[in-house]
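In case you want the letters, here they are:
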Amino acid sequence: MAPQLRALRRRASLTLEAAARAAGLSPAHLSRLETGQRQPSLPMLLALARVYGTTVSELLGETVADRDAVVRGAAMEPTAAGGWTYWPAGAPGRGMQALRVHAPYGSQGDIVRVHPGEEWLYVLKGRLRLSLGDTTHRLGPGDSAHFDSLTPHRIAAQDQDGVDLLFVHTLLQSPTAALCLGPATHLTGETS
């Protein structure tokens, strides 16, 4: 994956510093990702995909011969990054990206995301803590959320076994791409 990250950054005509800033990373951290010294988490891959105007699937070097409407579960190999495990759940090169995700307990820390687009998630197994703006929601199996990605948001597994979810997001590009990720902030408020 490391050579693919570097190639996509160069294709986007971005310096290491500019790409790192746009993705909310330090240049040193992005350099370690591009040399294979570090493995990116799913949120990092999502941020880099947005900055480079591509999909997580392309970042991982996955290609599909055609745009088949059906994706067979047996054909999707899991990918692990930053403790997360995820499986593509849709064809690449579309306006939305669908993933099946396993997020382990405590893997995201205080990272709060803000970027153009929309997100939808559906909890399959386990319990999820979803922070949207100043409110924290606790979701269980069968619960879902659909929100504007410009709302500061953070997800975290509540259970030691982690949480399994379906995740769909739009791959919108905008002139404010540099604002895709904001700094970590502390959110308050609790709802059930």
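Basis of the calculations
- Residues numbered from 1 in each chain as written.
- Predicted model: local features only at pLDDT ≥ 70, side-chain atom pairs only at ≥ 80, totals over all residues.
- Heavy atoms only, no water.
- Helix = DSSP H or I, 4+ residues; strand = E, 2+ residues; numbered from the N terminus.
- Buried < 20%, exposed > 50% of the residue type's maximum accessible area, 1.4 Å probe, protein only.
- Pairing = 2+ DSSP bridges.
- Axes fitted to C-alpha atoms, helices over the stretch in contact; angles between N-to-C directions.

Q: Mind showing me how you'd approach the environment of Gly 53 here?
A: Note that Gly 53 resides in the loop between α4 (42-52) and α5 (56-59). Since its relative accessible area comes to 45%, Gly 53 is described here as partly exposed. For the pair Gly 53 and Ala 12, spaced 41 residues apart in the sequence, the C-alpha separation amounts to 7.8 Å.

Q: Can you help me understand the sheet that holds strand β6 (residues 135-139) in this one?
A: Backbone hydrogen bonds are what pair the strands of a sheet, in a parallel or an antiparallel way. Read across the open sheet, the three strands follow the order β6-β5-β8; overall the sheet is antiparallel. What marks the edges here is a single partner per strand, and that holds for β6 and β8 (153-157). Taking the axes of each pair of neighbouring strands and ignoring which way they run, one obtains an average angle of 20° across the sheet. Across five bridges, strand β5 (residues 128-132) lies against β8 in antiparallel orientation. Its bridge partner lying in β8, Leu 130 is registered against Ile 155.

Fair warning: the whole summary comes from geometry, so function is off the table for now.
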